[in-house]
Amino acid sequence: MELLRPSSLEALDGATPIVGGTEVVPLLREGLLATDALADIRALVPRGIDGARVGAGTTLAELEADAQVPEALREACRLAASPQLRAMGSIGGNLLQATRCWYWRLDYPCRLHDGDRCHAREGEHREHAIFANDFCASAHPSDVAAALLALGATVRTNRRELAVRELYRLPSRDDRRTTTLERGEVMLELDVPPADASSYLKAMDRKRWSFPIVGVAAARRGSVTTIALAGVAPVPWLLDGSLDDATPLPGTAYKLQIARALVERARSSVA
Ligand SMILES: Cc1cc2nc3c(=O)[nH]c(=O)nc-3n(C[C@H](O)[C@H](O)[C@H](O)COP(=O)(O)OP(=O)(O)OC[C@H]3O[C@@H](n4cnc5c(N)ncnc54)[C@H](O)[C@@H]3O)c2cc1C
Ligand code: SF4
């Protein structure tokens, strides 16, 4: 496999972009990602924070330490992964991380691998979804995406500008992808508008360095509070309905109780 350092995004030529490599390298090692070439795009993607503008190459460690960044995003970064991973991992790469579903990671021929079964629905699924879990019951692992959804952030790519929520799609029989980025499309910058108050709360199996069982972001502007969740659906989940709409599986009913408690706490923390 080749490692390219293209001089422009136009020269990507089908290669898989890589920034920190904390997601790409394990996927390659496990045989879950096949590519002829990697393109190190660190020199082509902005990095750093300037008010509401965040370069897609900015690391989680840089975000958690910058007072310009809204509290919900800082806290989501601080609670994600380990210090070593946060020092390498970029916000752009975090938004595109693959599911942690153990069947997918073990390369079962499940629906996200273009098969015709969801092994988790029928089998072990205690870490899986409580919303939109009919076709694929995976739980999106990004704390950061939930914070960005609640804050109403937008992304600028080399082709368009879109809301973070438009970056994601629920997988279906016709299209198994969970994101809407096209081949060759690269995230350059995010716009993260300030809120009057925001917060991020996370329930984990361990106290540190663990993916969210449930993560809840809240952002308030005036009298309107927006809530988004991590770890509850195949995509980061904007709570524009009620938690009563959840469809937990037998093994994930406990997540709904956690979500109720965290949503209430997050709402009062930004009130
Ligand atoms: C053990 C472990 C624990 C973790 N725990 C958590 C956690 O608790 N919470 C959490 O939210 N995250 C967690 N993560 C995810 C971690 O934050 C991400 O791996 C990291 O942020 C990815 O960034 P990267 O720059 O290394 O991405 P890379 O590995 O370089 O890229 C990841 C993906 O994004 C694509 N990509 C990267 N940048 C761009 C761009 N600018 N435009 C278009 N495509 C791009 C790549 O092609 C690839 O598909 C964990 C990861 C690991 C390995
Ligand atoms: S939850 Fe999704 S990724 Fe996991 S086995 Fe089911 S279809 Fe595959």
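Residues numbered from 1 in each chain as written. Chains lettered and ligands numbered in written order. Predicted model: local features only at pLDDT ≥ 70, side-chain atom pairs only at ≥ 80, totals over all residues. Heavy atoms only, no water.

J.: Help me understand the site of ligand 1 in this model?
T.: Every one of the 30 residues lining ligand 1 counts as a neighbour, but P17, V19, T22, S90 and D143 are closest to it. Here V19 contributes a backbone N or O atom positioned 2.7 Å from an oxygen atom of ligand 1. Between ligand 1 and the protein, one listed contact pairs an oxygen atom with a backbone N or O atom of S210 at 3.1 Å. Relative to its unbound accessible surface of 980 Å², ligand 1 loses 90% to contact with the protein. Listed by contribution, the elements that provide at least two residues to the shell around ligand 1 are β2 (16-18) and α5 (91-95). Take the shell around ligand 1: its biggest share by element is three residues, from β2. (Near = heavy atom within 4 Å. Polar contact = N/O pair within 3.5 Å; in protein donor to acceptor, adjacent residues only side chain to side chain. Areas by Shrake-Rupley, 256 points an atom, 1.4 Å probe, with all protein chains shown as cover. Helix = DSSP H or I, 4+ residues; strand = E, 2+ residues; numbered from the N terminus.)

J.: Mind showing me how you'd approach the packing of aromatic side chains here?
T.: For any two aromatic rings, the description comes down to two numbers: the centre-to-centre distance and the angle of the planes. As enumerated under the stated definition, the model contains two aromatic pairs in all. Ring geometry for Y103 versus Y108: centroids 5.0 Å apart, planes at 80°, classification edge-to-face. Exposure remark for Y108: the relative accessible area of 33% places this residue in the partly exposed category. Seen in terms of ring centroids, F131 and W237 are 5.0 Å apart; in terms of plane orientation they differ by 20°. Their pairing is stacked. Pair noted here: F131 is in the loop between α7 (119-122) and α8 (143-151) and W237 is in strand β12 (residues 237-238), with a separation of 106 residues, a long-range link. The same class applies to F131 and to W237, which are both buried. (Phe/Tyr/Trp six-rings, centres within 6.5 Å; stacked < 30°, edge-to-face > 60°. Buried < 20%, exposed > 50% of the residue type's maximum accessible area, 1.4 Å probe, protein only.)

J.: Got a minute to help me understand the site of ligand 2 in this structure?
T.: Around ligand 2 sit 13 residues in total, of which C101, C110, C118, C136 and S138 are the nearest. Mapping ligand 2 onto the cavity grids shows that it belongs to the largest cavity. Those elements giving two or more residues to the shell around ligand 2 turn out to be α6 (102-105) and α7. Its residues assigned to classes, the shell around ligand 2 shows nine nonpolar, three polar and one charged. (1 Å grid on protein atoms, 1.4 Å probe; cavity = no way out; pocket = protein on both sides within 12 Å on 5 of 7 lines; lining within 4 Å. Sits in = over half its atoms within 2 Å of the grid points. Nonpolar A, V, L, I, M, F, W, Y, C, P; charged D, E, K, R; others polar.)

J.: Help me out: how do you make sense of the sheet that holds strand β10 (residues 214-221) in this one?
T.: In a beta sheet, neighbouring strands pair by backbone hydrogen bonds and run either parallel or antiparallel. Spatially, the four strands line up as an open sheet ordered β9-β10-β11-β12, and their pairing is antiparallel. Only two strands of the sheet have a single neighbouring strand rather than two, namely β9 (197-203) and β12. With two bridges joining them, strand β11 (residues 224-230) and β12 adopt antiparallel strand pairing. Pairing of A228 across the sheet is with L238, part of β12. Sitting on the sheet, helix α3 (residues 71-78) touches β9 and β10, and the angle it makes with β9 is about 25°. (Pairing = 2+ DSSP bridges. Contact = heavy atoms within 4.5 Å. Axes fitted to C-alpha atoms, helices over the stretch in contact; angles between N-to-C directions.)

J.: Is there a simple way to think about the pattern of salt bridges in this case?
T.: It is possible for side chains of opposite charge to pair when their charged atoms get near one another. Under the criterion given, the structure shown has 19 salt bridges. Between R220 and D196 there is a salt bridge, and its shortest N-O distance comes to 3.9 Å. Of the two residues, R220 sits in strand β10 while D196 sits in the loop between β8 (187-191) and β9, which places them 24 residues apart along the sequence. Across the pair D244 and R260 runs a salt bridge whose closest N-O atoms are separated by 3.2 Å. Of this pair, D244 sits in the loop between β12 and α9 (253-270) while R260 sits in helix α9, placing them 16 residues apart in sequence. Within the structure, one salt-bridge network assembled from shared partners comprises R169, D175, R177 and E182. (Salt bridge = Lys/Arg side-chain N within 4 Å of Asp/Glu carboxyl O.)

J.: Could you clarify how one ought to interpret the environment of R105 in this entry?
T.: The residue R105 is located in helix α6 in this model. Among the residues examined, R105 registers a relative accessible area of 19% and is labelled buried. Separated by 75 residues in the primary sequence, R105 and E30 have C-alpha atoms spaced 8.0 Å apart. A polar atom in the side chain of R105 sits 2.8 Å from the backbone oxygen of T99.

J.: Whenever I open this one, the nonpolar core confuses me. Can you help?
T.: Across soluble globular proteins, nonpolar side chains have a tendency to be buried as a group. Within the largest apolar cluster, 70 residues are counted, with the highest numbers of intra-cluster contacts made by L73, L148 and L229. Ranked by the residues each element gives to this core, the list is headed by α8, at eight residues. Mapped onto the domain boundaries, this core takes at least three residues apiece from domain 1 (1-44) and domain 2 (45-112 + 126-270). Dropping the residues within four chain positions of it, L229 is found in contact with A146, V214, G215, V216, P236, W237, L239, A259 and V263. One finds C101, L112, F135 and L249 within the second-largest nonpolar core, a separate group that totals 14 residues. (Core = buried A, V, L, I, M, F, W, Y, C linked by side-chain atoms within 4.5 Å. Domains from an automatic or database assignment.)

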